[in-house]
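Here's the letter readout for the chains.
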Amino acid sequence: MTERKIKIGMVLDQRFPPDARVEREAVALVEAGYEVHLLCEIQEGQEPEELYRGIFVHRVNPEEVTFLLPFINVRTRFPYRGLFKAINRFLWNIDTVWHTLIHRFVYRYDIDVLHIHDLRLASTGLAIAEKYELPLVADLHENYPALMEMLKGRENAEKGRRAREKWERIEKFCTFEADRVITVIEESRDRLVLNGVRPQKVIVLPNTVDVEKFETAEVDTETVRKYKPHFVMTYVGHINNRHRGIHTVIEAMAELKDEIPELRFIAAGGYREDYLESLKKLIEHYGLEDRIEFTGWLDETDFVTYIEASDICLCPHLSTEHTDTTFPNKVYLYNLFARPVVVSDCVPLKRYIGESGGGLVFDSGNAHDLAEKIRILYDDPNLRKTLGRQGQDAVKSRFNWKATSNRLIALYNDLTEVPHQFRVPVGI
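A quick note: this is a predicted structure, and the numbers were derived from the prediction, not measured. (Residues numbered from 1 in each chain as written. Predicted model: local features only at pLDDT ≥ 70, side-chain atom pairs only at ≥ 80, totals over all residues. Heavy atoms only, no water.)

(A) How the structure looks around the pattern of salt bridges. If you walk through the whole model with that rule in mind, you get 31 salt bridges. In this structure, the salt-bridge partner of Glu 321 is Arg 164, at a minimum N-O distance of 2.8 Å. Separated by 157 residues along the polypeptide, Glu 321 in the loop between strand 14 (312–315) and helix 13 (330–336) and Arg 164 in helix 6 (residues 157–177) bring together distant segments of the chain. Across the salt bridge formed by Glu 308 and Arg 339, the nearest N and O atoms sit 3.2 Å from each other. One end of the pair, Glu 308, is in helix 12 (residues 303–308); the other, Arg 339, is in the loop between helix 13 and strand 15 (341–344), with 31 residues separating them in the sequence. Each member of the salt-bridge network shares a partner with another, and the members are Glu 186, Glu 187, Arg 351, Glu 355 and Arg 398. (Salt bridge = Lys/Arg side-chain N within 4 Å of Asp/Glu carboxyl O. Helix = DSSP H or I, 4+ residues; strand = E, 2+ residues; numbered from the N terminus.)

(B) Expanded view of the sheet that holds strand 11 (residues 231–236). Strand order in the open sheet made by the 6 strands is 13-12-11-14-15-16, with parallel pairing throughout. For this open sheet the edge positions go to strand 13 (292–294) and strand 16 (359–362), each flanked by a neighbour on one side alone. Here the average twist between neighbouring strands, direction ignored, is 20°. Where strand 11 lies against strand 14, 2 bridges are found, and the strand directions are parallel. Paired with Met 233 across the strands is Ile 312, a residue of strand 14. Each of strand 11, strand 12 (263–268), strand 13, strand 14 and strand 16 touches helix 10 (residues 246–256); the most contacted strand, strand 12, lies at about 170° to it. (Pairing = 2+ DSSP bridges. Axes fitted to C-alpha atoms, helices over the stretch in contact; angles between N-to-C directions. Contact = heavy atoms within 4.5 Å.)

(C) Representation of the packing of aromatic side chains in the model. Applying the stated criterion across every chain, the model contains 10 aromatic pairs. Between Tyr 144 and Trp 167, the aromatic rings sit 4.8 Å apart at their centres with planes inclined by 75°, giving edge-to-face as the arrangement. On the criterion of sequence distance, the pair formed by Tyr 144 in helix 5 (residues 144–152) and Trp 167 in helix 6 is long-range, its members being 23 residues apart. We note that Tyr 144, like Trp 167, is buried. With centroids separated by 5.7 Å and ring planes inclined at 70°, the aromatic side chains of Phe 327 and Tyr 352 adopt a geometry described as edge-to-face. Of the two residues, Phe 327 is situated in the loop between strand 14 and helix 13 and Tyr 352 in helix 14 (residues 347–356); the sequence distance between them amounts to 25 residues. Both residues of the pair, Phe 327 and Tyr 352, count as buried. (Phe/Tyr/Trp six-rings, centres within 6.5 Å; stacked < 30°, edge-to-face > 60°. Buried < 20%, exposed > 50% of the residue type's maximum accessible area, 1.4 Å probe, protein only.)

(D) Seen up close, a positive patch on the surface. A cluster of basic side chains, namely Lys 152, Arg 154, Lys 159, Lys 166 and Arg 169, defines a positive patch on the protein surface. Element by element, the count of residues in the positive patch is highest for helix 6, at 3 residues. Relative to the helices and strands, Lys 166 is located in helix 6. (Patch = residues over 30% accessible without salt bridge, like charges linked within 9 Å, V, L, I, M, F, W, Y side chains within 5 Å. Areas by Shrake-Rupley, 256 points an atom, 1.4 Å probe, with all protein chains shown as cover. Lys, Arg positive; Asp, Glu negative; His and termini not counted. Charge placed at Lys NZ, Arg CZ, Asp CG, Glu CD.)

(E) A look at the sheet that holds strand 3 (residues 49–52). Spatially, the 8 strands line up as an open sheet ordered 3-4-2-1-7-8-9-10, and their pairing is mixed. If you trace the sheet from one side to the other, it starts and ends with strand 3 and strand 10 (202–204), each paired once. With strand direction ignored, the average angle separating the axes of adjacent strands in the sheet is 20°. Across 5 bridges, strand 2 (residues 35–41) lies against strand 4 (residues 55–60) in parallel orientation. Note that in strand 4 the partner of Glu 41 across the bridge is Val 60. Packed onto the sheet, helix 1 (residues 20–31) meets strand 1 (7–15), strand 2, strand 3, strand 4, strand 7 (113–117), strand 8 (136–139) and strand 9 (180–183) and runs at close to 165° relative to strand 1. Strands strand 9 and strand 10 of the sheet are contacted by helix 7 (residues 186–194), whose axis makes an angle of about 140° with strand 9.

(F) Expanded view of the environment of Lys 5. Relative to the helices and strands, Lys 5 is located in the segment before strand 1. When the C-alpha atoms of Lys 5 and Glu 35 are compared, they prove to be 6.0 Å apart, with 30 residues separating the residues in sequence. Those residues within four positions of Lys 5 in sequence are excluded, and the remaining contacts are Gly 33, Tyr 34, Glu 35 and Asp 112.

(G) Geometry of the nonpolar core. Counting residues in hydrophobic clusters, the biggest one holds 70 residues, and the most contacted among them are Met 233, Phe 265 and Ile 374. If you tally residues by element for this core, the top one is helix 10, at 7 residues. The residues touching Met 233, leaving out its near neighbours within four places in the chain, are Val 249, Met 253, Leu 263, Arg 264, Phe 265, Ile 266, Ile 312, Leu 314 and Ile 374. (Core = buried A, V, L, I, M, F, W, Y, C linked by side-chain atoms within 4.5 Å.)

(H) Inspection of helix 11 (residues 273–285) at higher detail. Counted at 1.5 Å a residue, the expected span for helix 11 with its 13 residues is 18 Å, and the 18 Å between its end C-alpha atoms agrees. Taken residue by residue, helix 11 has Tyr 275, Leu 276, Leu 279, Leu 282 and Ile 283 as its buried positions. The buried residues of helix 11 occupy an angular sector of 115° when projected down its axis, which confines them to one face. Opposite its buried face, helix 11 presents the exposed residues Glu 273, Lys 281, Glu 284 and His 285, each directed more than 90 degrees away. Gly 287 lies just past helix 11 and shows a positive phi near 65°. (Expected span 1.5 Å × (residues − 1). Arc of directions from axis to C-beta.)

(I) The arrangement of the pairing of strand 1 in detail. Along strand 1, 7 of the 9 residues are buried, which leaves the element largely enclosed by surrounding structure. Where strand 1 meets strand 2, 6 bridges bridge the pair, whose relative direction is parallel. Looking at the pairing, Lys 7 lines up with Glu 35 of strand 2. Each parallel crossover has a hand, and for strand 1 linked through helix 1 to strand 2 it is right-handed. Examined bridge by bridge, strand 1 and strand 7 share 4 bridges and lie parallel to one another. Bridging from a neighbouring strand, Ile 8 pairs with Val 113 of strand 7. (Right-handed = clockwise from strand over helix to strand, strands pointing away.)

(J) Representation of the side chain of His 247 in the model. Position of His 247 among the secondary structure elements: in helix 10. Classification of His 247 by relative accessible area gives buried; the value is 7%. With residues up to four places along the chain from it excluded, the contact list for His 247 reads Arg 242, Tyr 275, Leu 279, Leu 282 and Leu 318.

In structure tokens:
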């Protein structure tokens, strides 16, 4: 008889794919001998059930969840909407729809460990974990309280402050109660430990890249050829908020446009329409319409084409509490393809450049300083090659998923050696 595999139940309240972090983690656990089931939202064109890279993917539509009233056998959505839902959200931060979905998921597939991605469903997952006496791993993709303060406070600072306080309470409860906590950067781990979370149960799992996946990605040679006559700067990823710092790039280009006529900027990735409109007004103000291109949404492997077409790559994020406690994996990707990077002085970005030697650092939000760093790299092709090569060596030797994933495997090997009743008491 073969020994039954330990079943990990991951929960993601978004569609999958694409979610590079979730995919990397799940595949690593499958390859380590675990059976991974992923509960996520379904989108048009996706199958409800799929075996994807060894992951058992179970897709659901939260809008279709109903409750069967006893005795009269009538189905209703009453517990999942209106006042009943709001009370559960307010008092316990329990999402009634996902509570039902996770409950069915755990029961149906005989899950051994719950792994909740991001803070939004952590409280809901804890309620189910307690019911079934399961260990729970809280995978915090970012500093969610700081993110909510930034997003909710865009137009109303008081609203942002209240959102932050709410999510700080939720985060404290969930990180104290979870059996293991995952963060993406040392600064996030240190923040939780300062708030009283036991350091022994927090691991740092950086957003490093899957080298093989990107090195085997197909490159559109026609697109690369199109940009050859120009000096190209590239940014890849979401373009959805001022904290991305794209406006700083535009202002730096305005300073350099006469000095470097061939200067071009590609913003490769999806965008939020209203934010893009504000950027276009800035571009028009500086007369840069023919210098800047927004590609729209791309699959992450499509980023490789634009990185290959670039001379330097940028991560101009504004330094905030949120960006100082997370790390954008685009920087690893830039360096993987030997492109020198110019990053703002967000704490983790500045530390990475110091450790890797893969680029230059400018003062966050300072367009003149960014222009100066661009000018330095434009004037010195040898420096570009040296920085790019140093960054590539660092990614291939240290900052890659193959090296990083060992931490995740070690976490699960440690966690699953003890009975399911294992819990870490609050405050200990």
